[in-house]
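Breakdown of the fold
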4 protein chains.
Amino acid sequence: MYMQNPVFIPGPTNMPEILRKAADMPTLDHRSPLFGQILRPALAGVKKILKTEAASVYVFPSTGTGGWETAITNTLSPGDRVLAARYGMFSQRWIDMCQRHGLKVDIIEAAWGGGAPAARYEEILAADTAHEIKAVLVTHNETATGVKSDIAAVRRAIDAARHPALLFVDGVSSIASMDFRMDEWLVDIAVTGSQKGFMLPAGLAITAFSPKALAAVETAKLPRTFFDIGDMARSYANNAYPYTPAVGLLNGLKLSTELLLAEGLENVFARHRRIASGIRAAVRAWGLELCAMSEDLYSDTVSAIRTPEGFDATSIVAHAAKTYDVAFGVGLGEVAGKVFRVGHLGSLTDVMALSGIATAEMVMVDLGLDIKLGSGVAAAQDYYRDGRTSKVRAAA
Amino acid sequence: MYMQNPVFIPGPTNMPEILRKAADMPTLDHRSPLFGQILRPALAGVKKILKTEAASVYVFPSTGTGGWETAITNTLSPGDRVLAARYGMFSQRWIDMCQRHGLKVDIIEAAWGGGAPAARYEEILAADTAHEIKAVLVTHNETATGVKSDIAAVRRAIDAARHPALLFVDGVSSIASMDFRMDEWLVDIAVTGSQKGFMLPAGLAITAFSPKALAAVETAKLPRTFFDIGDMARSYANNAYPYTPAVGLLNGLKLSTELLLAEGLENVFARHRRIASGIRAAVRAWGLELCAMSEDLYSDTVSAIRTPEGFDATSIVAHAAKTYDVAFGVGLGEVAGKVFRVGHLGSLTDVMALSGIATAEMVMVDLGLDIKLGSGVAAAQDYYRDGRTSKVRAAA
Amino acid sequence: MYMQNPVFIPGPTNMPEILRKAADMPTLDHRSPLFGQILRPALAGVKKILKTEAASVYVFPSTGTGGWETAITNTLSPGDRVLAARYGMFSQRWIDMCQRHGLKVDIIEAAWGGGAPAARYEEILAADTAHEIKAVLVTHNETATGVKSDIAAVRRAIDAARHPALLFVDGVSSIASMDFRMDEWLVDIAVTGSQKGFMLPAGLAITAFSPKALAAVETAKLPRTFFDIGDMARSYANNAYPYTPAVGLLNGLKLSTELLLAEGLENVFARHRRIASGIRAAVRAWGLELCAMSEDLYSDTVSAIRTPEGFDATSIVAHAAKTYDVAFGVGLGEVAGKVFRVGHLGSLTDVMALSGIATAEMVMVDLGLDIKLGSGVAAAQDYYRDGRTSKVRAAA
Amino acid sequence: MYMQNPVFIPGPTNMPEILRKAADMPTLDHRSPLFGQILRPALAGVKKILKTEAASVYVFPSTGTGGWETAITNTLSPGDRVLAARYGMFSQRWIDMCQRHGLKVDIIEAAWGGGAPAARYEEILAADTAHEIKAVLVTHNETATGVKSDIAAVRRAIDAARHPALLFVDGVSSIASMDFRMDEWLVDIAVTGSQKGFMLPAGLAITAFSPKALAAVETAKLPRTFFDIGDMARSYANNAYPYTPAVGLLNGLKLSTELLLAEGLENVFARHRRIASGIRAAVRAWGLELCAMSEDLYSDTVSAIRTPEGFDATSIVAHAAKTYDVAFGVGLGEVAGKVFRVGHLGSLTDVMALSGIATAEMVMVDLGLDIKLGSGVAAAQDYYRDGRTSKVRAAA
């Protein structure tokens, strides 16, 4: 009744009050020097979270989808070939965008529940001896299936094929929650948004371009104005924007990066992993399976949970919302009706996670699934609780 | 880390965002007509929640303790006798206040875990044929023991003794969460605060005086200025205050009463009962007992849970705060170390309650108690869940 | 020191606290039915403010610039001709965008300080007997020069030339502050943002498409994905978005339209006119002139004030910010250094306007201009004050 | 319409957004260690602002009036004599409170518009050779008349009379805005509230007791519970409260002291003096006079302005509120109808002050007073503006 339950959608996430207060700013003149005091540290903070020193960060008043468009329109030209794998709704949407922008997409069809097929990337790139493929697109964390792909492996595939293509990575639901190493993996463009790991309201597309990506901008012919990083870069040089910036959200981004870095990135990742592991323990206790096909693919930010054959997984989400005022995510695309999704990224505690697990149990029992009340909660509690951790430590 | 877990203390409660925003007002001139547009409906709303038409409401920038002082200083004189029972920390504190203000208190010692002993009240009042006892004090809901007393029974005791004493009721942790019938029970002064059933920050003492209580004000000699209801009444007549009011909190009180009345008082009480019943089911599943001695005494706003002999109940509260960032209440006074308390009043959902139960389980297991993880959660889920309710309804 | 002074930039405007609180929402699942309860009335409210029944409204997480891009990419194809006049920085930027997107722009060069030259539009359209020109672009209110153009006159020009071109109007700094009649003027696409007349933070591009504009979408070949109104329309049909919406801002937009409509659109326009008139009275009292060349061109949302020959108008803005913590707008483009701008749109009162005028006076005197302290204030006071209005009324 | 104009009442003041956000806290368990992290620095900060090392600070969920009651009930006994001067509504109210609490008050009648008459204090104290007078009460800044009294002079008077009476000072509208030297002046009890110089919402009574005052507590017999500093001190020793604290306001108080100390107390005082001087310049320009009888009495936090004989000063306040939505203060008590008051304390800028002056001018002209529009504004502008300061500096 009062919007007090946590949400368990895979973004926008629960928001820390302190970030909401930072984003809820009174009007500040974005042409005054004060704006630079927000913009500069926000950009610098994003770089640290991306683990990059080489890249340049550009933030648009938009969303992750706008970030995808920024990536392709600033570096490619009509008719250019790009290589992408389709293994979930979000990789599919980026492919669709490329096609609508007049690019030719070499699509690798892959299982929904599997990750980016590095070997197939290598094969195709190796075959492209004319180097017609200009960019390789990878979705780091498929929000639709709860699958994390191995970006380092894709990089190795490109290198093994000795191919000069750019590497574009959609990190919308991974960055700031799971490890992302832009420089080490030689990612050329990274894309994310404000409403996931950064724990802010939606409204910012956050992109980073490597020097190699910036070089490609020179020859790119796809039309762009709103998403033009050249305009953005020229304005940044004066601590300004080419149009009206979302000052409050940028102020929130500044503080978000400060909070994340103060906590320590590895601690942030470990926290996501711990909470996710508890939820996965609950899924096992329920006798259900994840959409993600193997343990190395498990996402630490979202779990897509398969329901039994013949059961409409979407009814779980509808019932939870209506009866318990709790938001889960539905299955999308090929897995619509087959999975429901639990988002566990951003600002979440073990305690909040337990309430999501407990709710899912009630819902599934209400809807006639053969689930034992408390079973998933107990499994997660066992994972989360302090004593167990200590005992494990003592045993180690 | 970000203050996101619900609190499970018996007040201040979790606050709905909409009430926080109402209380967080910019400065409004409290001498302007706008102030009356806040004050009037706030006072009228409180009357409806107290189920009184006859009483006059006075709200002070203070707390429930200030409300107690308002009650006694406006109606009594030094040396006056009052009758009170001691069955918990809060009944004890009101007695102590009376003594410090020069009143003679006839104290009925009663069990901590029992309620107000109506029969004993009647006995003593009947014996007071000279009618020296000016007021009878009762704590409606003992926050320290999780015990709800039967105010109607106390009223019947006074009437049976044909005694003219005033009836003062501390409803700090009951009003707006549990049924309170000021007119029907002929309560002369009711006292509460903003931070419990009204779901606001602490900072308001809310009192209501019956016409009989107002008559007693005429002859009362205890000194009072800040808490003088005469000054307050005269100022209210001009939609003003005798000093600077807490405008934002009053605005919050106005909206709080609107929300509660829109939900329907009986629905509000049923909601508290439902959530409390789920928690009590968890306690039974754990094999533990409530401090409250019998079912009719169970409070719907706070449960004091006895831990096994020899176990320090306070360690539960400390461990929960430190390890899981969740606040429970410690035992106070006679039951210190013997109970821990779960507050379940104000703005709470079944889902939030489950996270409190789950946390308590982890804590108790961490500390070596023989509790089965998930057991209390399952019992509460079974109580809360929709399917069960439907089935029960179908069976009825 | 505490960001308490009003801003006098031509947007983002001062924001009413109630709108900030509406926009500062906790996370709501944008795939739940609750989202439709925000989206539907927001879209309906915008239609009323545009005075349209025929048009369809599409709102993007972007800014006015994104709205321009939405207009052209959804209705035009590479190589299409459009007709536009350049008479300020914002008309120039839209022209530039068209060119960057591969459109051929017939540019009418007009004076900065003048309005859209309807007669020239008619001439050119009449000459275009092949109807190659697909769209006519007009900036309703040139924020750079404080000039309001006559859209009805442009419509008449198109009609007089019997030309089928679409009419696109940039109403970023006019809509919701000055009269805008989409249906009456047969505007085909209107563009605005959240941060001007709607008094919200920046972050929404608000567009409306006439049925004729929607028909043009069918054949438009410019690439678009993020700004695709087809995707948007299909999602709206399910009360959803094609990607993550800015839920808080949409909730603010809903309330903003409610507030504006409750005040009454004509009252809103009259309020802007009254405040602007006071500021123009001050300018006259100072012996200065507006950039706008004639009275019929005066904008009610922003005044660009010419400073004496040889004086750097930009120094006013810098000095005001540094010394008095007050934000004015600098001159842009051709009038850079020649004007400074006072924004007087959105949430502003006569009283706040007077503080802006008083500050401008101090700044100009500090910088050596021959201005009499209090002179502009007195002129504006005379305009604003109640007695004068009454006397005028009495005389009428 | 949207509560955007500054208020010009002598408290509650305009509040910096950052303090409102600090006070608007989610629920924190006040029995957890986190509470001490708020309480300790808040108390320490208050001490620095009072310029005391010796005193102990006690903060109650109440208002300044509660602070007065705290002062007298903790140190005095029924029938005790106190000495006080009456020269305004607030000194009168404190006297009235003493009488209602059974104290005998030696009242010095003094002019409303004059300050505390140190010579008369000395005379009376010297005559009290039996040392029956237990306390001397002084109102540092009479909010009703805009008069600042010389506390050091009163201290010298007490010392000259070699009298052991305690010195109680009401600093409600001076502390944190004007210099207050608790240790140097040997003030025994200082009283203030949250809603003036601390720029917070009303709701805290802030008191400080010298060691000598604490010694008097031992023998004081006036009844007290809510305002008992002994309970408070015992609780503070455990970083706790004797009842539910106003946690959010205390968090605001912590930050308020940090902001004030970061700005530098002498800078805070100079800022108040500068803004007040500008307003006084306006009053002179209008040809009006202050209620304060001489320049050394001028308050830097509130100006009471005398209107011409036969004019109802209260109509200014009513008209300003109704017509311009601006709040000024009415005259109280003896000066009701003769003065209107402009509060200029707390969070205010020169720019905001100018809007108050401009509004007062419009109001006075509307009501027929012979005031020249812009005259007061010009005088204040001349005082505030940067150039003048520089020139003065250059000349010095």
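Residues numbered from 1 in each chain as written. Chains lettered and ligands numbered in written order. Predicted model: local features only at pLDDT ≥ 70, side-chain atom pairs only at ≥ 80, totals over all residues.

As named in an unreviewed UniProt entry, chain A is Serine--glyoxylate aminotransferase, taken from Rhizobium lusitanum. UniProt lists a comment for chain A under the heading Catalytic activity (unreviewed entry), and it reads "glyoxylate + L-serine = 3-hydroxypyruvate + glycine". The heading Sequence similarities (unreviewed entry) in the UniProt record of chain A holds the text "Belongs to the class-V pyridoxal-phosphate-dependent aminotransferase family." (UniProt positions renumbered as here; feature names shortened; annotations may be inferred.)

**Topic: the interface of chain D and chain B**
With 42 residues of chain D in contact, the opposing surface of chain B contributes 41 residues. Broken down by secondary-structure element, the contributors of at least two residues to the side of chain D that touches chain B are α3 (64-75) and α4 (89-100) of chain D. In terms of residue class, the side of chain D that touches chain B is made up of 20 nonpolar, 16 polar and six charged. (Contact = placed C-beta atoms within 7 Å. Helix = DSSP H or I, 4+ residues; strand = E, 2+ residues; numbered from the N terminus. Nonpolar A, V, L, I, M, F, W, Y, C, P; charged D, E, K, R; others polar.)

**Looking at the sheet that holds strand β7 (residues 166-170) of chain B**
Residues and elements named next belong to chain B. Here seven strands make up an open sheet; going across it, the order is β1-β9-β8-β7-β4-β2-β3 and the pairing mixed. For this open sheet the edge positions go to β1 (56-60) and β3 (104-109), each flanked by a neighbour on one side alone. On average, each strand axis in the sheet is inclined to that of its neighbour by 20°, with strand direction left out of account. Here β7 pairs with strand β8 (residues 189-193) via three bridges, running parallel. Looking at the pairing, Val169 lines up with Ala190 of β8. Running over the sheet, helix α4 (residues 89-100) touches β2 (81-86), β3, β4 (133-139) and β7 and is turned about 155° from β2. (Pairing = 2+ DSSP bridges. Axes fitted to C-alpha atoms, helices over the stretch in contact; angles between N-to-C directions.)

**Observations concerning the pairing of strand β4 (residues 133-139) of chain D**
Residues and elements named next belong to chain D. Most of β4 is tucked away, with seven of its seven residues classed as buried. Sheet topology places β4 next to strand β7 (residues 166-170); five bridges connect them, and they run parallel. In the sheet register, Val138 faces β7, and the bridge partner there is Val169. (Buried ≥ 20, exposed ≤ 12 C-beta atoms within 10 Å, placed from the backbone.)

**What to know about unusual backbone geometry**
Here the bond from Gly11 of chain A into Pro12 of chain A is cis, since omega is -5°, no more than 30 degrees from zero. Following the sequence through the fold, Pro12 of chain A ends up in the segment before α1 (17-23). Phi at Arg162 of chain B takes a positive value of approximately 45°, unusual for a residue other than glycine. Locating Arg162 of chain B in the fold gives a position in the loop between α6 (151-160) and β7. The backbone phi angle of Ala176 of chain D is positive, close to 80°, even though this residue is not glycine. Locating Ala176 of chain D in the fold gives a position in the loop between β7 and β8 (189-193).

**Here's the deal with the UniProt feature "modified residue: N6-(pyridoxal phosphate)lysine" (unreviewed entry) in chain A**
Residue and element names in this part refer to chain A. Taken from the UniProt record, the annotation "modified residue: N6-(pyridoxal phosphate)lysine" (unreviewed entry) applies to Lys196. Within the secondary structure layout, Lys196 lies in the loop between β8 (189-193) and β9 (205-209). Other than its neighbours up to four places away in sequence, Lys196 contacts Gly11, Thr13, Val172, Ser173, Ser177, Leu345 and Gly346.

**Brief notes about the relation of the copies chain D and chain B**
Laying chain D over chain B is done by rotating through 180° and shifting 0.0 Å along the axis; what remains is an RMSD of 0.0 Å. Expressed as an axis order, the relation between the two copies is that of a two-fold axis. Among all C-alpha atoms of chain D, that of Ser62 of chain D lies closest to the rotation axis, at 2.5 Å. Of the interface residues in chain D, 98% have counterparts in chain B that sit at the interface too, so the contact is made through matching surfaces. (Least-squares fit on C-alpha atoms with pLDDT ≥ 70 in both.)

**Side note on helix α3 (residues 64-75) of chain C**
The terminal C-alpha atoms of α3 of chain C, which comprises 12 residues, lie 17 Å apart, in line with the 16 Å expected from a rise of 1.5 Å per residue. Burial analysis of α3 of chain C places 12 of its 12 residues in the buried class, the great majority of the element. (Expected span 1.5 Å × (residues − 1).)

**Things to note about the confidence of the model for chain A**
The share of residues in chain A with pLDDT of 70 or more is 97%, and the mean pLDDT across the chain is 96. Here residues 391-396 of chain A is a poorly scored stretch, pLDDT under 50, and it has zero contacts once near neighbours within four places are set aside; other chains count. (pLDDT = per-residue confidence, 0-100.)

**Some details on the pairing of β7 of chain B**
Looking down a regular strand, the side chains alternate between one sheet face and the other. Burial within β7 of chain B is extensive, with five of its five residues counted as buried. The side-chain alternation of β7 of chain B yields two buried faces, one formed by Leu166, Phe168 and Asp170 of chain B and the other by Leu167 and Val169 of chain B.

**Focus: the interface of chain A and chain C**
Accessible area lost when the parts come together is the quantity often used to give the size of an interface. Opposite the 41 residues of chain A that make contact, chain C presents 40 residues. Those elements giving two or more residues to the side of chain A that touches chain C turn out to be α3 (64-75) and α4 (89-100) of chain A. With three residues, the single largest contributor to the side of chain A that touches chain C is α3 of chain A. Here the side of chain A that touches chain C is composed, by residue class, of 19 nonpolar, 16 polar and six charged.

**Considering the UniProt feature "binding site: substrate" (unreviewed entry) in chain A**
Residues and elements named next belong to chain A. Per the UniProt record, "binding site: substrate" (unreviewed entry) is annotated on Arg341. Summarising the element assignment, Arg341 is placed in strand β13 (residues 339-343). Taking the C-beta count within 10 Å as the criterion, Arg341 has 26 such neighbours and is therefore assigned buried. Not counting the four nearest positions on each side in its chain, Arg341 is found in contact with Pro10, Gly146, Val302, Ser303, Ala304, Phe328, Gly329 and Gly331.

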